[in-house]
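So you can see what is in the structure, the chains are spelled out below.
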Amino acid sequence: MTLTKTRTKTKRWKRVQWAAMRALLGTVGRASTGVRIGYRHGFDSGSMLDYVYVNKAGGFPVVGHLIDRVYLNAVGWRAIRARRELLKDVLRKEIAQRGGTGAGAGVRVLDVASGPGRYLQDLLAEYEPGTLHVECRDLDRAGLAQGGRQAAERGLTGISYVYSDALDPAPVSPAPDIVVVSGLYELLLDDAVIAASVARLRGMLAPGGVLVFTTQTRHPQLEFIANVLPNRDGVLWEMKCRPVELAEQWAARAGFAEVASRRESVGLFTVTTARR
C-alpha cells in the first residue's frame, strides 16, 4: 500500500470516528446539562463558561450527572477555572495599585467580551460600593441578560451590561483604568486582527491604565474540539494556540510598556498585563 493510500485511509477513518463522536455527544451526551448548554448557546459561549465556572454537575439523574462531571473535569475547563483565579488575582493587584481598597476610589474596569461576567461579579462583591465600577460588554445578548439577572439577584451595584462588539469598541467616558480581554483572542484565527485590537484598546485606556488579556498557548484537545463541538455560530469550534512571546510582542508594538505574563496552574493559558 502506498503512502498516499495509507494517508487517505487514515483520514477516512478519522472522519468516521469524528462523526460517531458527534452523534454520541448529540444524543447520549445531552443527558449532561453542560453539553445541552453547549448545543444551545455554543461551547465557546459566555453562558457555557458561566456554567463551567460554577462547576456543579447537573443533568438527568445518575447518568447525566456522571457525564457532566467528566465533561466539567476536561483539561480545558479546568484550565479555564484556573485562568479565572489568576485573572482575579491580577485584577486585585491592579485595583490596589490605584487605591481601590475603600469607598470612593472608583476604579473603572471594562471587559470587552465578558459574557455573564460571573468572575467580575465575584470580584466586585469583595469591595465596598463605589470602589469599583465594572462594564461588561458582549455580542451574546443571552449572556448579557443572564449576567444582569445574576447581579440583581446578588444585590450588586456598580456593574452594567452593554451589547457591543469587542473588535469595534465604542469609547467609554470616563476612560477605563483597566481593560480586560479574556477568552477572546484564542477564538480568532487571524493574528493581524488581534494585533489591531490590542492597539485599539490601548487608545481607550486612561493614562497609566492597563490592558489585561489572555492567550492560549497550548491545548491537548484541539483536534477533538475542532471536529466535534459547535461554537456559538453553529459551526465547528476552531481555536488557535500561540506562544506568549507573540502576544507580548503585539502589546510592545502597540506602544505598551511594562509588558509581563503569568501562567495559570494547569498550564494552557497565560494572562498578560500591558501598561499604557
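Relevant structure appears above.
Residues numbered from 1 in each chain as written. Predicted model: local features only at pLDDT ≥ 70, side-chain atom pairs only at ≥ 80, totals over all residues. Heavy atoms only, no water.

Colleague: Would you explain the overall build of the protein chain in this entry?
Modeller: Of regular secondary structure, the protein chain possesses ten helices and seven strands. At 20 Å, the protein chain has a C-alpha radius of gyration in line with the 19 Å of a compact globule built from 276 residues. In terms of overall dimensions, the protein chain has C-alpha extents of about 70 × 45 × 30 Å along its principal axes. Sequence-distant contacts, at least 24 apart, represent 74% of the contacts inside the protein chain between residues at least 6 apart. Entry remark: accessible area of the protein chain is about 12900 Å², with carbon and sulfur atoms responsible for 55%. Between the mean site of the 38 positive side-chain charges and the mean site of the 27 negative ones, the protein chain shows a separation of 8 Å. (Helix = DSSP H or I, 4+ residues; strand = E, 2+ residues; numbered from the N terminus. Rg over C-alpha atoms; globule rule 2.2 N^0.38 Å. Contact = heavy atoms within 4.5 Å. Areas by Shrake-Rupley, 256 points an atom, 1.4 Å probe, with all protein chains shown as cover. Lys, Arg positive; Asp, Glu negative; His and termini not counted. Charge placed at Lys NZ, Arg CZ, Asp CG, Glu CD.)

Colleague: It is not clear to me how the pairing of strand β4 (residues 178–181) should be interpreted in this structure. Could you clarify?
Modeller: Because side chains alternate across β4, one face comprises the buried residues Ile-178 and Val-180, and the other comprises Val-179 and Val-181, equally buried. Relative to β4, strand β1 (residues 107–111) runs parallel, the two sharing three bridges. Residue pairing across strands places Asp-111 opposite Val-180, the latter belonging to β4. Bridge analysis of β4 against strand β5 (residues 210–216) gives four bridges, and the strand direction is parallel. Opposite Val-179, over in β5, you have Leu-211 as the bridge partner. A crossover links β4 with its parallel partner β5, the connecting element being helix α8 (residues 191–202), and its sense is right-handed. (Buried < 20%, exposed > 50% of the residue type's maximum accessible area, 1.4 Å probe, protein only. Pairing = 2+ DSSP bridges. Right-handed = clockwise from strand over helix to strand, strands pointing away.)

Colleague: Could you clarify how one ought to interpret helix α7 (residues 141–153) in this entry?
Modeller: Residues lying three or four places apart along an α-helix face the same way, a consequence of the helix completing one turn every 3.6 residues. With 13 residues, α7 extends 18 Å between its outermost C-alpha atoms, agreeing within 8% with the 18 Å of an ideal straight helix rising 1.5 Å per residue. Looking at α7, one finds that the buried residues are Gly-143, Leu-144, Gln-146, Gly-147, Gln-150 and Ala-151. Down the axis of α7, the buried set is contained in an arc of 160°. They therefore lie on one face. Exposed side chains of α7 directed beyond 90 degrees from the buried face belong to Arg-141, Arg-149, Ala-152 and Glu-153. Its buried side turned inward, α7 meets α3 (46–54), α6 (118–124), β2 (132–138) and β3 (159–163). The first or second residue beyond α7 is Gly-155, which carries a positive phi of 70°. (Expected span 1.5 Å × (residues − 1). Arc of directions from axis to C-beta.)

Colleague: Please clarify how the packing of aromatic side chains should be interpreted in this entry.
Modeller: Think of a pair of aromatic rings as described by two things: how far the centres are apart, and how the planes are tilted against each other in angle. Counted by the stated rule, this structure contains six aromatic pairs. By way of ring pairs, the aromatic residues Tyr-39, Phe-43, Tyr-71, Trp-77 and Trp-237 are connected into one cluster. Over the ring of Phe-60 we find Arg-36; its NZ or CZ atom is 5.3 Å from the centre of that ring. Between the NZ or CZ atom of Arg-83 and the centre of the ring of Phe-269, over which it lies, the distance is 4.6 Å. (Phe/Tyr/Trp six-rings, centres within 6.5 Å; stacked < 30°, edge-to-face > 60°. Lys NZ or Arg CZ within 6 Å of the ring centre and 35° of its normal.)

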